[in-house]
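Observations on the three-dimensional arrangement
Below, each chain spelled out in residue letters.
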Amino acid sequence: MEERMLMKGNEALAEAAIRAGCKCYFGYPITPQTEIAAYMSKRMPKVGGVFIQAESEIAAINMVYGAASAGVRAMTSSSSPGISLKSEGISYLAGSDLPCVIVNVERGGPGLGGIQPSQSDYYLATKAGGHGDFSLLVFAPSSVQEMADLVVKAFDNADKYRMPAMILADGLLGQMMEPVRFPESYAPQPEKPWACTGHGNAREHNIINSLYLVPEELEKSNIERFERYERVKRELCLYDNYLTEDADIIVTAFGATARIVRSAVTMARAEGIRAGLIRPITLWPFPAQAYRDALSTAKAYLSVEMNMGQMVDDVKLAIECKRPVHFFGHTGGIVPTPAEVLAQLRAINEQIGK
Amino acid sequence: MLYTRPKSLCDVPLHFCPGCSHGIVHRIVAEVMDEMGIVGDTIGVCPVGCAVMSYDYFACDMIEAAHGRAPAVATGVKRSRPDKFVFTYQGDGDLAAIGTAETVHSATRGENITVIFINNTIYGMTGGQMAPTTLPGQVTQTTPYGRDPKVAGYPVRVCEMVSTLTGTAYAERVAVDSPQHIRAAKKAIRKAFDTQAAGKGFSIVEILSTCPTNWGMTPVQAVERVRNEMIPYYPLGVYKDITEVADNDQ
Amino acid sequence: MAEMRVDRDRCKGCGLCVDVCPKKIITIRRDIRNQKGYSPAECTDVSKCIGCAMCFMMCPDQAIEVEK
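Below you will find a few notes about this structure. Please read these numbers as outputs of a predicted model, since none were measured by experiment. (Residues numbered from 1 in each chain as written. Chains lettered and ligands numbered in written order. Predicted model: local features only at pLDDT ≥ 70, side-chain atom pairs only at ≥ 80, totals over all residues. Heavy atoms only, no water.)

1. Some remarks on the state of the cysteines
Residues and elements named next belong to chain B. Just so we agree on the cut-off: Count a disulfide wherever a pair of cysteine sulfur atoms falls within 2.5 Å. In this scheme, a residue with accessible area under 20% of its type's maximum is buried, one over 50% is exposed, and one in between is partly exposed, where area comes from a 1.4 Å probe on protein chains only.
Taken as a whole and assessed by the stated rule, the structure comprises zero disulfides over all chains. Counting only cysteine sulfurs, C10 is the nearest neighbor of C60, a cysteine outside any disulfide, at a range of 8.3 Å. The exposure class of C60 is buried, given its relative accessible area of 0%.

Okay, structure coming up:
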């Protein structure tokens, strides 16, 4: 194993992408993720890769579309408003079954919003990435190490399932520094016979396309895609449990918020409150089974997010509202504190005590 | 000597309207690919517009792109496969309205791609709306009383615009309204591909074209309109050619 | 000798060849309808064809072949 390095989340993610074989990066400045672009501008020329600062986030996602169509690993990154701009391109990538990685280092919204961390793009990432029926692989890192590890997973699984993958981070993870270690070896990239590489008169011409004017053909392509999504749900569902085996209260949170909730859970346990944390790592596929498994002991659920309440819906769906599901969160860039979460746990604990 | 369909054009009927110039331009682009022997090393990008289905017509690898974004897609392709020929085939609404930023910036970056630009002064696929190249006074679905520049602004002259950008190596405007002009257009397309082969930077061929259906004309009347109304407003000629100059910086 | 041939099913009867032929030996066969319902073009007197291929060049649908 390589030695550990102290790195900013944004930069660790960029370095890991390069090591995972990302050949092209197309970016555009927007706080709080601009370090990714700056880092790529320094490193890509040194490793024979491509860095372009595009004229807009729209151009950048379409450059990714081009590079992915040509069969190379490509990435773009932005923050919330920039991801909105990329939505059409993301839908085209999904509709053309193209693998790539899109990084969203979220900031407060809507509109221009703020530049502090937030998780208000949960719906955008997991449900509303663009027009049409499609999903993205969505990975939610919770540490600088995971910023690095998950971008590698994103590339590998995007290629494996031929679909776009998103890293849903936030300004906190992007800006904070923690030690990180990069793995020595990386999985080989799969062959891409479907890519547009110039057929050299040796094969039929390849077409990358999402236009199907015949309704039956468009429906068929959607159905095939959704069969693949079912396979992904069976094969790739990452989450992390902490003290959930005997938990009366299941708290759930992802990303940076999960670290805060973990402290609150530990503090609650010290007071005799049986709380446990479920931390989704893949937000799509959503680890619904983890929440169902906890029904055996849980009397209540609490979702803690840096938004007005979005993942809480999926928790309710997962357990079909068999238990009360509470929400606590801040938005606008305010980061909840362990004490605030602990107060919520105390209140819920009293309720279920009666 | 047999004049027949070039091999780089698939043997399928084209869906274009009777008399539409798209079919002519498809043939001369394919003829250039045949003559250069590059169909196996070429990747085409066709965005939304009447020619979006050219992925079924050009025999090279083809990529369908979002409206206006073909130059960005082509940038991604060319940057990751620099040894391949990359061209886009775009309409006027695509290139000079929604895709203006992509056009200007792929040119000013000097992207080593070739843009085939069909200027027929109208949005064809959606049924004849005003395009950025619609002439003053021209009636369209969205300028029913004729385009009034005070309200709908003036047409964009693309070759003139992109020729001011250092990254543009070659920009020529041609027409396909007559065999003589078609020969010249094919020569321009060949020059553009040669510019790309020499790595000189961004090349664009603007091709004045007809849209009989949406102009409400017969194909022959439409060809005359190109001659009598469009060429005077969009003068033919080479607007930039640095391929003779040694390096790209002047 | 030169010859101009029209693929009746590809032709859309647009008339561009008729207009451009210097020998004026191409007409539209109003009495015929192809699969798509178009009346195709046809060479009326192949002996007068000089193989200039101007019809071929103006044809948007590769419906014309010219042999010289």
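Okay, back to it.
2. Remarks on the nonpolar core
To keep things clear, this is the line we draw: Here, nonpolar core refers to any group of buried Ala, Val, Leu, Ile, Met, Phe, Trp, Tyr and Cys residues whose side-chain atoms link them within 4.5 Å. A run of H or I in DSSP becomes a helix once it reaches four residues, and a run of E becomes a strand once it reaches two; helices and strands are each numbered from the N terminus. In this document the domain limits rely on a domain assignment from an automatic tool or a database. The contact rule is simple, with two residues in contact once any of their heavy atoms fall within 4.5 Å.
By size, the foremost hydrophobic cluster in this structure holds 124 residues, and its most contacted members are A:F26, A:M75, A:V151 and A:Y301. Element by element, the count of residues in this core is highest for helix 6 (residues 144-161) of chain A, at 10 residues. Residues lining this core come from more than one domain, with at least three contributed by each of domain 1 (3-235) and domain 2 (240-353) of chain A. Leaving out residues up to four positions away in the same chain, A:F26 has contacts with A:V50, A:I52, A:A60, A:M63, A:V64, A:A67, A:A74, A:M75, A:T76, A:S77 and B:G76. The next biggest cluster of nonpolar side chains, apart from the first, holds 66 residues, and it includes B:V52, B:F87, B:I118 and B:I189.

3. Notes on the interface of chain C and chain B
Let me state the cut-off plainly: Reported buried area values correspond to the accessible surface (1.4 Å probe) lost by two parts on association, with both partners' losses combined. Salt bridge, as used here, is a side-chain nitrogen of Lys or Arg placed within 4 Å of a carboxyl oxygen of Asp or Glu. Nitrogen and oxygen atoms within 3.5 Å of one another constitute a polar contact, given that in protein one can donate a hydrogen and the other can accept it, and given that sequence-neighbouring residues count only through two side-chain atoms. Only Asp, Glu, Lys and Arg are considered charged in this grouping, and only Ala, Val, Leu, Ile, Met, Phe, Trp, Tyr, Cys and Pro are considered nonpolar; every other residue, Gly among them, is considered polar. Two strands pair under a simple rule: DSSP has to find at least two bridges between them.
Listed as interface residues are 25 residues of chain C and, on the opposing side, 29 residues of chain B. Where chain C abuts chain B, roughly 2,200 Å² becomes buried across the two surfaces, and 61% of that area is made up of carbon and sulfur atoms. Scanning the region where chain C abuts chain B turns up one salt bridge. A salt bridge links B:D11 to C:R10, with the shortest nitrogen-to-oxygen separation between them at 2.8 Å. Our enumeration of links across chain C and chain B arrives at nine residue pairs in polar contact (both at pLDDT 80 or more). Contributions of two or more residues to the side of chain C that touches chain B are made by helix 1 (16-20), helix 2 (54-58) and strand 4 (64-67) of chain C. In terms of residue class, the side of chain C that touches chain B is built from 13 nonpolar, three polar and nine charged. In terms of strand pairing, strand 1 (residues 2-3) of chain B meets strand 4 of chain C through two bridges, oriented antiparallel. Residue pairing across strands places B:L2 opposite C:E67, the latter belonging to strand 4 of chain C.

4. So, the pattern of salt bridges
Residue and element names in this part refer to chain B. On inspection of all chains with the given rule, the structure shows 47 salt bridges over all chains. Ionic pairing is found between E102 and R69, a salt bridge with its closest N-O pair at 3.1 Å. Separated by 33 residues along the polypeptide, E102 in helix 4 (residues 100-108) and R69 in the loop between strand 3 (61-65) and helix 2 (70-80) bring together distant segments of the chain. For the pair E102 and R69, one class covers both residues: buried. Between R79 and E111 there is a salt bridge, and its shortest N-O distance comes to 2.9 Å. On the criterion of sequence distance, the pair formed by R79 in helix 2 and E111 in the loop between helix 4 and strand 5 (114-119) is long-range, its members being 32 residues apart. Taking relative accessible area as the criterion, E111 reaches 2% and is therefore assigned buried.

5. Section: the side chain of B:N119
Residues and elements named next belong to chain B. One can find N119 in strand 5. On the basis of relative accessibility, which here comes to 0%, the residue N119 falls in the buried class. In contact with N119, not counting residues within four places along its chain, are D92, T133, E206, I207, L208, S209, M230 and Y234.

6. Some words on the packing of helix 1 (residues 21-36) of chain B against helix 7 (residues 179-197) of chain B
Residue and element names in this part refer to chain B. Rules: Structural elements are reduced to axes, namely lines fitted to C-alpha atoms, with helices fitted over the stretch in contact, and the angle between N-to-C directions of any two is expressed from 0 to 180 degrees. Roughly parallel refers to an angle under 35 degrees, roughly antiparallel to one over 145, roughly perpendicular to one between 65 and 115, and oblique to any angle outside these ranges. Crossing handedness is defined as follows: a turn of the near helix away from the far one that is anticlockwise and smaller than a right angle gives a left-handed crossing, while the clockwise case is right-handed.
Relative orientation of the contacting elements helix 1 and helix 7 amounts to 50°, with a least axis distance of 9 Å. Our classification of the angle between helix 1 and helix 7 gives oblique. Crossing handedness for the pair helix 1 and helix 7: right-handed. Residue-level inspection shows I24, R27, I28, V29, E31, V32, E35 and M36 of helix 1 in contact with helix 7, the latter providing I182, A185, K186, I189, R190, F193 and D194. Broken down by class, the residue content of the contact of helix 1 with helix 7 amounts to nine nonpolar, no polar and six charged.

Nothing here speaks to function; it is geometry throughout.
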